[in-house]
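Spelled out from the first residue to the last, the chains are:
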Amino acid sequence: MSRWSGLKVEAEGTGISRDLSEKINLLGEMLGQVVREEAGETIFELVERLRLLCKQAAAEGRPELRDEAAAVISGLSMEEIGWLLRSFTAFFHLANQAEQQEIVRINRERAGSPGRAEVRPESIDDAIGRLKAEGLELEQVVDLLSGLEIEPTLTAHPTEARRRTVLDKQRKIAALLTLLRGRPTPAEETEALNQLYAHISLLLATDEVRVERPSVEDEVHQGMYFLQDTIWEMIPRIHADVARALRRHYGEPVEVEPFVRYRSWIGGDRDGNPSVTAAVTRATLVTHRRVALRKHLDELRELRRELSVSDGRATIPRELYESLEQDAGEVALPEARRRQHGSEPYRLKLSYMMARLGSLLDELDRGGALSASYNGADYIADLDLIDRCLRACGLCEAADHSRLGRARVLARTFGFHLAALDVRQHSRVHEEAVAEVLRKAEVEEAYERLPENEKVALLAAELANPRPLLPRGARLGDSAAEVLDTFDLVAEAVRAEPRAIGSYIVSMTHAVSDMLEPLLLAKESGLWRPGEGAPIDFVPLFETIEDLAVADERMRTLFSESVYRDHLQARGKFQEIMLGYSDSNKDGGYWMANWALHQAQERLGRACAEAGVALRLFHGRGGTVGRGGGRAGQAILAMAPEARNGRIRLTEQGEVISFRYALKEIAHRHVEQIVHAMIIGQSLKRRESWPGEAMMGDVANRSMAAYRGLIDAPGMWDWYTRATPIEQISKLPIASRPVSRRSAAEVNFESLRAIPWVFAWTQVRYLVPGWFGVGTALSSVIAERPEAREELRAMYREWPFFRAVVANATREMARARLPIAERYARLAAAGDDGAPGFHGEIVAEFERARDAILAITGQTELLDESPVIQKSIALRNPYTDVLNLLQIELLHRVRAQEEDDADSGALRRLLFLSVNGIAAAMQSTG
């Protein structure tokens, strides 16, 4: 009998594993006991009563039991509602940790024991084994690996509803679950259980909602946690995987240059975020540099302990002594340290390297200088020298299996910048700044009113002219001055560390002038020079359906401009192009966005190939299906063949970062699957066409028409704002960036960002952005052409892209909960004056989509092909239902109260807590 006499979770018999069932039961029982102790027996009984009512309603198809639960909630005090919200939210935080532990357990089981013959699916070993089976020689495999460029990019998009404090609590709980998963001694098990209980009690007593909106600096430090911990440790593991796989399949390991490097937008993305200034970006670069230097110092300290090679026991190459002589003339090393390692030249060399890093840290502490006195390339060269010298004196095993190999991988991957920082700005801001600069320079009084062809001609002429436009001491308005200050900073940062800045991204690229304008501004800072170009990439971002449709033609026109061709020549004829998944979905709906993006990839690949330009696509994917989310590996294999060239960037946002990088095992598996997909994608034979491909455009157009018919319908925006907690989401302090490009009073569908748009639909369980329009499109095509059903089935069987689109929509529909959504629709109708409701239309579209998908996939129920996910959703639904009922009651009360009601502040805080709770339950926001 467990000592934890608390909340019992009936996980047994639900189809989930025994291990997961036991973990959820243990955590649930502990949580229930904490609720009893902290809130009292009455609250505990309320938790149980509501949970059982909603569970019974779902199991028996009795909605009247849900009505009974709602009636109970309507009579509760705010304090009681608060305890219920905290209890159910804490349960989902704990259940999510248990599920992550289950993922780790399953991955470890699949990896097997030493000597196991089977290869884990979607592993690097699996991918290289396939290349071997296809007849590729070792040299070809190494060439393929060396050509990979995989660059996940962390962003601060506001999709992480949890406070960092809550995340820390969850990490500690995860560590204790990991300990219990092993073979602890009885004493260790008892202590771990006691600590687990203590942390659950602390979790329940911790405020879920931030008091204030986080600053950009807070977001930078949040990103640093993952970069310096799980990501730093994961990268050497990936390289070790490659070495083992090459040894296993080809008999020898071969050193491969790093092909996974991280980037960040946090502190550099100023599009729509006035808090990101040049000063903030400078502070971000300093933070990146400081963390990288400290991490390398830690590595060198450990390496120095290992490399105790004596000059009396081994022959030391002259090259090392010459390097030490140079160090002695440049670095002030304490005499005691020189004497201590006088006969240990490798340790002495490492001491000089540590002194150089320490000096750079001192410079940062004194004033945030970005010094170029010793950079990442110099550091790599010193580590390579140590490697050569060890091998030259016969210590090859030491070079291969000491920490030196790890240090070299880390140096090449992270440099002194940790993660290359991207800068992003809206094209409109550049246009306004260029207009002001040209006015000040007395070149053009009304640049912004010029037609596009005259803008391009003027920009090209000024870019070809080496003289600066602005006279010394010229004063600009705040916005233009800020833009130029940013370019000055970028130039300084690149001089100190060439990889510190990644790309300069231009949001809402609509014309060629949108790409030439930032080049002209960069020229004013000396970052871009005629005939030389710039040391960074300038990247167009195509986001809307209209822009995606013409992206290839815009790039062809851009490539035809001689001044831009010169820039590309300086960049090695390389062009990065970013595709926006969020705005394209919000603009055209789920199916059209996916098809438009797929076609854009194909056409951009062709346009770049025709121009002789190497292409890397940057996929701006969100966490949810409605914003391009889903499994990254599957998405890579579903890409257009023209885009599968070994180079890729993809964004990692909000709660996706926390899920993928909070635990080292999950971070490793995530990146392993991406690498596997990139390798396999390179070797896949290209097909000229897929069955039924010709109908995809027709389906997309029909789907978009249905979607736009919903969101453009008269009264739809008002209904959406009444049926969802979008008002509360817009005020939720989860990120430094505003939810809209306009003020709160002016917000509408056009100005609302895609993240809160998806967030609100997820909260009310409609999940419209992830599937709406699919039903009308597919059912109408099937009705008009009977043979279309078989064509669609063939597409599902054979075409990875089509299968991925259908699978992602299926998952979102399975997560939708229309009986709960209908209660929000009733909320929208309460006190209404006859304005239209949209619940019936949404339900009808859902039923059309479900029937069409089941007909295409051959399933009986949604997600029959993914029974684990199907059962997990079923297990979660009753608990999530309670949170939704609590939120609906709070929305009722907030809308019924007077503006100056004394309880208004407390009600808003409880609503924020309900938003967090449902986000935890759904494991997604926007």
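This structure is a prediction, so every number in the text was calculated from the model and none was measured.

**Q** Please explain the nonpolar core as it appears in this structure.
**A** In globular proteins that are soluble, nonpolar side chains generally tend to be buried together. With 293 residues, the main nonpolar core has Y262, Y346, L516, W591, W719, Y766 and F802 as its most contacted residues. Top element by residues in this core is helix α9 (residues 216-250). It accounts for 14 residues. Ranked by size, the runner-up nonpolar core spans 6 residues in total, among them I505, L541, M578 and F618.

**Q** Can you walk me through the pattern of salt bridges in this structure?
**A** If charged atoms from side chains of opposite charge come close, those side chains can pair. A full pass over the atoms with the stated rule returns 83 salt bridges. Here R424 makes a salt bridge to D269, at a shortest N to O gap of 2.9 Å. Here D269 lies in the loop between β2 (263-264) and α10 (278-306) and R424 lies in strand β3 (residues 420-426), a separation of 155 residues in the sequence. Each member of the pair, R424 as well as D269, is classed as buried. The salt bridge partner of R817 is D881, with a shortest N-O separation of 2.6 Å. Here D881 lies in helix α37 (residues 867-896) and R817 lies in the loop between α34 (800-815) and α35 (818-829), a separation of 64 residues in the sequence. Bridged by salt links that share partners, the residues E149, E151, R263, D422, E576, R616, R647 and R649 form one connected network.

**Q** Explanation requested: the packing of helix α4 (residues 78-111) against helix α38 (residues 904-922) in the structure shown.
**A** Helix-helix packing is described using two parameters, namely the angle between the two axes and the distance between the axes. Orientation of α4 relative to α38, taken along the N-to-C sense of each, is 20°, at an axis distance of 9 Å. Between α4 and α38, the crossing angle belongs to the class labelled roughly parallel. You can see that α4 and α38 cross each other, and the crossing is left-handed. Between α4 and α38, the residues in contact are M78, I81, G82, L85, R86, T89, F92, H93 and N96 and A906, L907, L910, L913, S914, G917, A920 and A921, respectively.

**Q** What is the right way to look at the pairing of strand β6 (residues 574-580) in this model?
**A** Both faces of the sheet carry side chains from a regular strand, because those side chains alternate between them. Of all the 7 residues making up β6, 7 are buried; the element is thus mostly covered by neighbouring parts of the structure. On β6, burial covers both faces: F574, E576, M578 and G580 on one face and Q575, I577 and L579 on the other are all buried. Note: β6 against strand β7 (residues 614-620), 7 bridges, orientation parallel. Looking at the pairing, G580 lines up with G620 of β7.

Conventions we followed
Residues numbered from 1 in each chain as written. Predicted model: local features only at pLDDT ≥ 70, side-chain atom pairs only at ≥ 80, totals over all residues. Heavy atoms only, no water. Core = buried A, V, L, I, M, F, W, Y, C linked by side-chain atoms within 4.5 Å. Buried < 20%, exposed > 50% of the residue type's maximum accessible area, 1.4 Å probe, protein only. Helix = DSSP H or I, 4+ residues; strand = E, 2+ residues; numbered from the N terminus. Salt bridge = Lys/Arg side-chain N within 4 Å of Asp/Glu carboxyl O. Axes fitted to C-alpha atoms, helices over the stretch in contact; angles between N-to-C directions. Parallel < 35°, antiparallel > 145°, perpendicular 65-115°, else oblique. Left-handed = near helix turned anticlockwise from the far one by under 90°. Contact = heavy atoms within 4.5 Å. Pairing = 2+ DSSP bridges.

Any functional reading would require information beyond the geometric quantities listed.
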